[in-house]
Amino acid sequence: MFYSSLEDCLNDLEKHGHLVRVKEEVDPHLEMAAIHLRVHAAGGPALLFENVKGTKFRAASNIFGTKERVEFIFRGTMDKVKELIRLRKDPMEALRHPFRNISAGFSAMKAVPEKTNSLPSLYHEIKISDLPQIKHWPQDGGAFITLPIVYTEDIDQPGIMHSNVGMYRIQLSGNEYLQDKEVGLHYQLHRGIGVHQSKCNAKGIPMKVSVFAGGPPSLSFAAVMPLPEGISELTFAGVLGGRKVRYGMKDDFTILGDVDFVITGEVYTGENKNEGPFGDHFGYYSMKHPFPVMRVHKVWHKKNAIWPFTVVGRPPQEDTLFGMLVHELAGNALADEIPGLHSVNAVDAAGVHPLLLALGSERYTPYLKEKIPSEILTIANHILGSGQLSLAKYLFITAKEEDKNIDTKNIPAFFRHVLERTDLTRDIHFHTHTSIDTLDYSGTGLNTGSKVVLAAAGEKRRTLSENIPSLNLPVGFTEMKLILPGIICLQSPPHSGNENAEKEISGLASALSSQKEKLSGVMMIVLCDNVNFTTASLNNWLWATFTKSNPSHDIYGVDSFTEHKHWGCRGPLIIDSRTKKHHAPALEKDPAIEKKIERLFVEGGSLKKFA
């Protein structure tokens with residue numbers, strides 16, 4: 001099935017039981033997001049809100065909410081896309097087997113964007129304030145677009161084939177933005193749009209931007225797909241959507257033909273305003289920071305337009321499915337680029353970027369009696385220099401040769417394997433004063449923090465404890481619980497500042513140093529605000545431990561030492577995952593809103609089935 005519009009897709013979903021219409025009037029201020037979160041958590045269908053307060057437009061969410069639904073939407077084209085990406089990585093394959101691969105090449109040729117002159121007549125002009133003003137979380141700074149398709153061009157190579165299409169959040173209202181005249185444009189490090197803006201800045205000219213919402217779902221996915229160099233996002237959207245992307249020009253801005261909404265404008269050199277706060281995928285708010293302002297030129301919509309949105313929050317959420325589809329389509333693309341790498345798992349439950357688990361080969365020193373991390377350290381450096389993976393804070397990497405069945409997706413088994421083999425006196429490697437995710441507030445400033453690599457190779461060194469040892473703990477440290485073999489979570493007093501924390505943890509480490517014989521099977525002790533919450537599930541532990549700690553500041557060790565600038569410890573690692581004063585607030589639902597939306601989930605409500 002190839003969709004010519006968002007409505008075409010939604011009608012198909014409804015026909016096959018993947019969509020429910022919400023007929024009640026709903027408020028875009030917190031209500032719609034709360035409804036979405038509840039239905040998504042239940043594994044429910046896509047939602048079409050037919051009566052949105054304050055706007056004439058309908059809105060749709062949870063379109064990509066389940067793996068089944070994503071595969072259904074792209075059921076006619078996924079194999080062709082995989083083949084196209086495979087041929088791009090191995091162009092000689094097409095020459096060796098031209099007839100076998102002709103369909104993939106032909107699909108790509110047919111997907112080249114098509115220019116048309118009929119577009120301007122399809123759109124009607126409105127204002128920013130006419131759009132659904134969806135506010136997602138109580139402390140959000142205003143209404144945001146959460147599924148935007150942001151289009152820019154390279155002024156040195158103008159034209160659609162050298163454009164960048166990305167998904168960068170857009171703040172529509174609030175803060176100091178002039179209503180209907182300005183919107184906020186938030187993009188992070190390593191994004192293609194930044195290259196385009198830098199070139200415009202150097203020449204002292206504004207960057208033209210077109211922001212689209214809606215249209216065939218292939219456009220939304222193309223905006224998040226990390227494509228190899230030389231593949232246009234819009235060509236990719238054509239292949240995935242099974243039809244060419246149509247485009248035209250209006251007021252000297254590029255307009256895509258099948259989208260529901262278009263916002264055009266310009267970004268001028270040095271014009272920044274505070275954007276945020278915004279509830280983000282770490283499970284916290286990203287706070288106010290200066291980001292580029294887009295001066296709005298015009299806003300248009302097509303007839304019967306539908307406004308798409310999602311809700312971003314602590315994973316797993318709808319955007320998790322984007323990551324799943326990226327992996328399924330691209331395969332193990334990164335492993336093809338990095339010699340010796342087998343796989344990397346950017347752990348979704350830990351906010352994606354904070355925690356990477358990786359498998360590599362260890363072939364550098366086959367003549368040594370004891371295998372030590374060598375090649376996997378080279379691979380680790382390569383991983384941390386690769387695109388968005390460079391924003392990671394924790395990288396656990398091990399050698400695949402020790403266990404052919406080890407899998408980075410099997411998180412408990414992976415941690416067991418690594419911790420059984422790690423030598424904490426040798427295998428911990430820090431990177432300090434470096435870049436981390438813009439949305440991560442565990443570091444020392446915006447985009448600034450540290451990284452640590454824990455590398456494990458060789459034979460099993462120890463048996464991990466599956467019981468909690470009996471320990472004498474300093475005052476304030478109380479209940480202990482085991483989350484995984486060799487990993488203890490410890491209820492700790494509230495964090496009271498870095499200087500006090502260092503004294504406090506130093507006292508804990510000293511007390512434990514005298515009890516090291518009881519800790520022989522323990523490799524990691526995690527200090528917790530709430531040990532019951534942290535150990536309630538594996539996802540809770542991953543989230544609390546790796547989003548709330550900055551390796552250089554929050555990793556300690558029992559019987560630690562520094563030798564020739566190398567840090568290690570002879571007892572367990574201690575990770576301070578408590579909340580610090582500089583951390584952003586965690587996302588919490590509004591109880592009043594939760595009560596208010598109950599009307600949709602009771603008898604007679606559109607969503608009774610998902611109560």
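These numbers come from a predicted model, not from an experiment.

Looking at the overall build of the protein chain
Move 1: Counting its regular elements, the protein chain contains 18 helices and 30 strands.
Move 2: In terms of C-alpha radius of gyration, the protein chain reaches 26 Å, essentially the compact-globule figure of 25 Å for 611 residues.
Move 3: If you line up the protein chain on its principal axes, its C-alpha atoms span 80 × 65 × 55 Å.
Move 4: Across the 611 residues of the protein chain, 58% fall into the buried class.
Move 5: In the protein chain, the proportion of contacts linking residues at least 24 apart, taken out of those at least 6 apart, comes to 72%.
Move 6: Counting only carbon and sulfur atoms, one obtains 51% of the accessible surface of the protein chain, whose full area is about 24,800 Å².
Move 7: Computing the positive centroid from 68 side-chain charges and the negative centroid from 70, the protein chain places the two 2 Å apart.

Comments concerning the sheet that holds strand β12 (residues 246–250)
Move 1: Reading across the sheet, the three strands line up as β4-β12-β13 and stay open at both edges, with mixed pairing between neighbours. The open sheet has two edge strands with one neighbour each: β4 (114–115) and β13 (253–256).
Move 2: Summarising the sheet, β12 and β13 pair through four bridges and their orientation is antiparallel. Counted as the bridge partner of M249 is T254 from β13.

Overview of the sheet that holds strand β2 (residues 46–49)
Move 1: In spatial order, the strands read β1-β2-β3-β18; together these four strands make up an open sheet with mixed pairing. Unpaired on one side and paired on the other, β1 (19–22) and β18 (306–309) mark the two borders of the sheet. Taken over all neighbouring pairs, the strand axes of this sheet differ in orientation by 20° on average, direction set aside.
Move 2: Pairing geometry for β2 and strand β3 (residues 58–61), over three bridges, is antiparallel. If you follow L47 over to β3, its bridge partner there is S61.
Move 3: Against the sheet, helix α1 (residues 6–15) contacts β1, β2, β3 and β18, and its axis sits at roughly 110° relative to β1.
Move 4: Helix-sheet contacts for helix α2 (residues 31–41) involve β2, β3 and β18, and the interaxial angle to β2 is about 155°.

Examining the packing of aromatic side chains
Move 1: Enumeration over the complete set of coordinates arrives at 19 aromatic pairs.
Move 2: Ring plane angle 45° and centroid distance 4.9 Å describe the contact between F64 and F322, whose orientation is recorded as tilted. Taken together, the residues span a long stretch of sequence, with F64 in the loop between β3 and α3 (67–73) and F322 in helix α10 (residues 318–330) at a distance of 258 residues. Neither residue differs from the other here; F64 and F322 are each classed as buried.
Move 3: Taking the centre distance of 6.4 Å and the plane angle of 20° together, the rings of F415 and F546 count as stacked. Within this pair, whereas F415 is found in helix α13 (residues 411–421), its partner F546 is found in helix α16 (residues 538–547), the two being separated by 131 residues in sequence.
Move 4: Every member of this aromatic cluster is reached through a ring pair, and the members are F64, F74, F221, F236 and F322.
Move 5: The ring centre of F601 lies 4.0 Å from the NZ or CZ of R38, which sits over that ring.
Move 6: Of note, K208 hangs over the ring of F253, and the distance from its end group to the ring centre comes to 4.2 Å.

Observations regarding the pairing of β2
Move 1: Alternating residues of β2 divide into A46 and L48 and L47 and F49, and every residue in both groups is buried.
Move 2: Bridging between β1 and β2 involves four bridges; their strand directions are parallel. Bridge pairing links V22 to F49 in β2.
Move 3: The parallel pair β1 and β2 is bridged by α2, and the resulting crossover is right-handed.

Cut-offs and rules
Residues numbered from 1 in each chain as written. Predicted model: local features only at pLDDT ≥ 70, side-chain atom pairs only at ≥ 80, totals over all residues. Heavy atoms only, no water. Helix = DSSP H or I, 4+ residues; strand = E, 2+ residues; numbered from the N terminus. Rg over C-alpha atoms; globule rule 2.2 N^0.38 Å. Buried < 20%, exposed > 50% of the residue type's maximum accessible area, 1.4 Å probe, protein only. Contact = heavy atoms within 4.5 Å. Areas by Shrake-Rupley, 256 points an atom, 1.4 Å probe, with all protein chains shown as cover. Lys, Arg positive; Asp, Glu negative; His and termini not counted. Charge placed at Lys NZ, Arg CZ, Asp CG, Glu CD. Pairing = 2+ DSSP bridges. Axes fitted to C-alpha atoms, helices over the stretch in contact; angles between N-to-C directions. Phe/Tyr/Trp six-rings, centres within 6.5 Å; stacked < 30°, edge-to-face > 60°. Lys NZ or Arg CZ within 6 Å of the ring centre and 35° of its normal. Right-handed = clockwise from strand over helix to strand, strands pointing away.

Purely spatial values, then, with no claim about function.
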